[in-house]
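A look at the structure
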Amino acid sequence: MANHSICSVIATALLISVLALPTSVKAIGVCYGWHGDNLPQPSEVVDLYKSYNIGRMRIYDPNPDVLDALRGSNIQLLVDVPKEQLESLASDPSAANDWVQSNVVAYWPSVSFRYIAVGNEVIPADKAQYVLRAMQNVQNALASANLQDQIKVSTSVSTGVLGVSYPPSEGSFSSEAQTYMNPIVQFLVDNGAPLLLNVYPYFSYRDNQAQISLSYALFTSPDVVVNDGQYGYQNLFDAIVDATYASMEKVGGSSVAIVVSESGWPSAGDVETTIDNARTYNQNLINHVGQGTPRRPGSAIEAYIFAMFNENQKNSELERNFGLFYPNKQPVYLINFS
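A short tour of the structure in this document, coming up. Worth saying up front: this structure is predicted, and the values here are computed from it rather than measured. (Residues numbered from 1 in each chain as written. Predicted model: local features only at pLDDT ≥ 70, side-chain atom pairs only at ≥ 80, totals over all residues. Heavy atoms only, no water.)

**What about the overall build of the protein?**
Assigned secondary structure in the protein consists of 10 helices and 13 strands. With respect to the principal axes defined by its C-alpha atoms, the protein has extents near 55 × 45 × 40 Å. Residues counted as buried form 57% of the 338 residues belonging to the protein. Residue pairs at least 24 apart in sequence account for 72% of intrachain contacts in the protein once pairs closer than 6 positions are excluded. As displayed, the protein offers around 13,100 Å² of accessible surface, 45% of which is attributable to carbon and sulfur atoms. Of the side-chain charges in the protein, 18 are positive and 31 negative, and the distance between the mean point of each set is 4 Å. (Helix = DSSP H or I, 4+ residues; strand = E, 2+ residues; numbered from the N terminus. Buried < 20%, exposed > 50% of the residue type's maximum accessible area, 1.4 Å probe, protein only. Contact = heavy atoms within 4.5 Å. Areas by Shrake-Rupley, 256 points an atom, 1.4 Å probe, with all protein chains shown as cover. Lys, Arg positive; Asp, Glu negative; His and termini not counted. Charge placed at Lys NZ, Arg CZ, Asp CG, Glu CD.)

**A look at the side chain of S174**
When you line up the elements, S174 lands in the loop between strand 8 (172–173) and helix 6 (175–191). Not counting the four nearest positions on each side in its chain, S174 is found in contact with G160, V161, L162 and G163.

**Focus: helix 9 (residues 236–249)**
Between its first and last C-alpha atoms helix 9 spans 20 Å; for 14 residues at 1.5 Å apiece the expected length is 20 Å, and the two agree. Burial of helix 9 is extensive: 13 of the 14 residues sit out of reach of the surface. Backbone nitrogen of F237 and a side-chain oxygen of the N-cap are separated by 3.3 Å at the start of helix 9; the cap is N235. (Expected span 1.5 Å × (residues − 1). Polar contact = N/O pair within 3.5 Å; in protein donor to acceptor, adjacent residues only side chain to side chain.)

By themselves, these are just geometric observations and shouldn't be taken as functional.
Okay, here's the thing in structure tokens:
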């Protein structure tokens, strides 16, 4: 999560009706993390994704047990390079090649890799200097395996990279982040890859309740809340995504799409963290992303809900309660993916 990072791509379902496979799977995934001592085995988790028709998954490191469980599942995978490995992969192309061979090529094509996130929310921070070079080396390693067209390389950023986000059309990267983001955006342009963005209206609402209404954060406002020139915003999610689009446009990234690599709402642990609000946010997110945003109308957004499980080894009560499911595989609340 952004400055509160966590993830494991999303979903749940309406009891029985959802178990019927639709003709196409929505561009929705769920983040699968394993910061818990009571979580199901990876094979059970993969079966749970399939039973709820969750077609995409994000994992935060290439765990071999998870990758083995994913073989033949047809679940599309976003896998992270952990930040602890960034310096090694940036400084040594052979290390990047070994990483791709061991964690991607060894499982391809029985595991359907979609994206590699080179670092999660490390810009701007102490590891930021390694991100671009690591991305380049991983890209070259994929090209050596002739997988550069099937698997896209990016990095996952929080909204902390934005210096200006309001109004959305004025969005721009902070001076601190721009040093890193400008060349990364050019890399994404050159390779036809998306920017991975963690989007948490919850935290914006929690920290700015005098300015942001709950309905604007939950997608439940009946009217436009923010007028921004030709664009009108009824929800904060769209405003955040469009501020990031505007930021990329200002540095030559008009062609770069955004994939929302984490988004969610906690069901306990802080202000307005109820099961009802969590259900409302995540269901409305699923229902909304196919429409695009005011700045990109009709361009469906691929999104990953954070997170699959409540994880009892997370640092705070809040972070332990982002899950769609309890560790016993029962839903915290039901949402409809169809």
